[in-house]
Amino acid sequence: SIATALENTRQQIKSIASLAGGTVIQSKAYPGWNPNPNSTILQICKGLLAKKRNGGGSKKDSTTPGVNAVHAGLECGLLIEKLGGGG
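Quick notes on the rules
Residues numbered from 1 in each chain as written. Predicted model: local features only at pLDDT ≥ 70, side-chain atom pairs only at ≥ 80, totals over all residues. Heavy atoms only, no water. Helix = DSSP H or I, 4+ residues; strand = E, 2+ residues; numbered from the N terminus. Contact = heavy atoms within 4.5 Å. Areas by Shrake-Rupley, 256 points an atom, 1.4 Å probe, with all protein chains shown as cover. Expected span 1.5 Å × (residues − 1). Salt bridge = Lys/Arg side-chain N within 4 Å of Asp/Glu carboxyl O.

## Thoughts on the overall build of the chain
Next up, step 1: Secondary structure assignment for the chain yields three helices and zero strands.
Next up, step 2: Taking the contacts inside the chain whose residues are at least 6 apart along the sequence as the reference set, 45% of them involve residues at least 24 apart.
Next up, step 3: Just so you have it, the chain exposes about 7,000 Å², and 58% of that area is on carbon and sulfur atoms.

So this is what it looks like as structure tokens:
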């Protein structure tokens, strides 16, 4: 799970610091999240962008936008935890 992987990484960081004679102070971890490629808002955004790229038409071709998950500073896991749902 995302939570297990996060905790393992946090522990590895502490272990490496300890081996090097250092210490690590960690604040509470933010919850992780799995991207939802079928979320309603994502489908709406992709449709609008594809329509704009295609000159207002409805055809889907090579200009249909691709989607990638990246860390961009928005704490999606925290928002999902507080607001509920995933999309």
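## Some remarks on helix α2 (residues 40-53)
Next up, step 1: When the terminal C-alpha atoms of α2 are compared, their 20 Å separation across 14 residues agrees well with the 20 Å that a helix rising 1.5 Å per residue should span.
Next up, step 2: After α2 finishes, the residue Gly 55 shows a positive phi value of roughly 70 degrees.

## So, helix α1 (residues 2-19)
Given 3.6 residues per turn, any residue in an α-helix points the same way as the ones three and four places further on.
Next up, step 1: An ideal rise of 1.5 Å per residue puts 26 Å on 18 residues; α1 measures up with 26 Å between its terminal C-alpha atoms.
Next up, step 2: Backbone geometry just downstream of α1 places Gly 21 in the positive-phi region, at approximately 85 degrees.

## With respect to the pattern of salt bridges
Next up, step 1: Scanning the entire structure with this criterion turns up one salt bridge.
Next up, step 2: Between Glu 7 and Arg 10 there is a salt bridge, and its shortest N-O distance comes to 3.8 Å. In this pair, Glu 7 and Arg 10 both sit in helix α1, three residues apart, roughly one turn of the helix.

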